[in-house]
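Observations on the three-dimensional arrangement
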Amino acid sequence: MSDAPPAGTARVHRDRFVSASELAEWAYCRRAWWLRVVRGATSEREGERFQAGRDAHRRHADSLRLARALAVAAALALAAALAVHWVLAR
């Protein structure tokens, strides 16, 4: 079994320095980090594809915000309905 990295990838040195911004990039999107560090892809070379990825992340974040807001609204509506039921049932 070979220790050589797969074709088209670079070996990442285990002793290299990892900056806080690189950790943040990894935490935000592991795939983007992997593409940049392992595959050597940069936004200058693959700008359109990177922009499409950023747009997809933005849409996903927007949908999560909407889902959270709807969950809060549903919880408030349920609480209001229970309060009205409790008042009317007295």
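Reading guide: rules and limits
Residues numbered from 1 in each chain as written. Predicted model: local features only at pLDDT ≥ 70, side-chain atom pairs only at ≥ 80, totals over all residues. Heavy atoms only, no water. Helix = DSSP H or I, 4+ residues; strand = E, 2+ residues; numbered from the N terminus. Buried < 20%, exposed > 50% of the residue type's maximum accessible area, 1.4 Å probe, protein only. Areas by Shrake-Rupley, 256 points an atom, 1.4 Å probe, with all protein chains shown as cover. pLDDT = per-residue confidence, 0-100. Phe/Tyr/Trp six-rings, centres within 6.5 Å; stacked < 30°, edge-to-face > 60°. Lys NZ or Arg CZ within 6 Å of the ring centre and 35° of its normal. Polar contact = N/O pair within 3.5 Å; in protein donor to acceptor, adjacent residues only side chain to side chain. Contact = heavy atoms within 4.5 Å. Salt bridge = Lys/Arg side-chain N within 4 Å of Asp/Glu carboxyl O. Patch = residues over 30% accessible without salt bridge, like charges linked within 9 Å, V, L, I, M, F, W, Y side chains within 5 Å. Axes fitted to C-alpha atoms, helices over the stretch in contact; angles between N-to-C directions. Parallel < 35°, antiparallel > 145°, perpendicular 65-115°, else oblique. Nonpolar A, V, L, I, M, F, W, Y, C, P; charged D, E, K, R; others polar.

Our next topic: the overall build of the protein. For the protein, the helix and strand inventory stands at three helices and zero strands. Counting helices and strands in the order they occur from the N terminus, the protein gives α-α-α. Looking at the 90 residues of the protein, the share that counts as buried comes to 8%. When the accessible surface of the protein is split by element, carbon and sulfur atoms take 63% of a total near 7,800 Å².

Our next topic: the confidence of the model for the protein. Chain-level statistics for the protein give a pLDDT mean of 83 and a share of 80% at 70 or above. Between the elements of the protein, mean pLDDT differs from a low of 83, seen in helix α2 (residues 30–37), to a high of 93, seen in helix α3 (residues 47–89).

The next point concerns the packing of aromatic side chains. Counted by the stated rule, this structure contains zero aromatic pairs. A cation over an aromatic ring shows up here: Arg30 above the ring of Trp26, its NZ or CZ 4.4 Å from the ring centre.

Turning our attention to the side chain of Glu22. Relative to the elements of secondary structure, Glu22 occurs in helix α1 (residues 20–28). Owing to a relative accessible area of 9%, Glu22 belongs among the buried residues under this scheme. Within the structure, Glu22 has its side chain in polar contact with the side chain of Trp33 (distance 2.7 Å). Apart from residues lying up to four places away in sequence, Glu22 is in contact with Arg16, Phe17, Trp33, Arg36 and Val37.

Taken as a whole, this structure holds three salt bridges when the rule is applied. Put simply, Asp55 and Arg58 hold a salt bridge, and the shortest N to O gap is 3.0 Å. Of this pair, Asp55 and Arg58 both sit in helix α3, three residues apart, which is roughly one turn of the helix. In this structure, Asp62 and Arg65 form a salt bridge, with 2.7 Å as the shortest nitrogen-oxygen distance.

A few words now on a nonpolar patch on the surface. On the surface, Val84, Trp86, Val87 and Leu88 cluster together to form a nonpolar patch covering roughly 470 Å² of accessible area. Tracing the chain through its elements places Val84 in helix α3. Overall, the relative accessible area of 48% leaves Val84 in the partly exposed class.

When two helices pack together, their arrangement is given by the angle between their axes and by how far apart the axes lie. Contact pair α1 / α2: the axes reach a minimum separation of 5 Å and the direction vectors enclose 125°. The pairing of α1 with α2 is recorded here as oblique in orientation. Residue-level inspection shows Glu22, Glu25, Trp26 and Tyr28 of α1 in contact with α2, the latter providing Arg30, Ala32, Trp33, Arg36 and Val37. Along the lines of polarity and charge, the residues of the contact of α1 with α2 split into five nonpolar, no polar and four charged.

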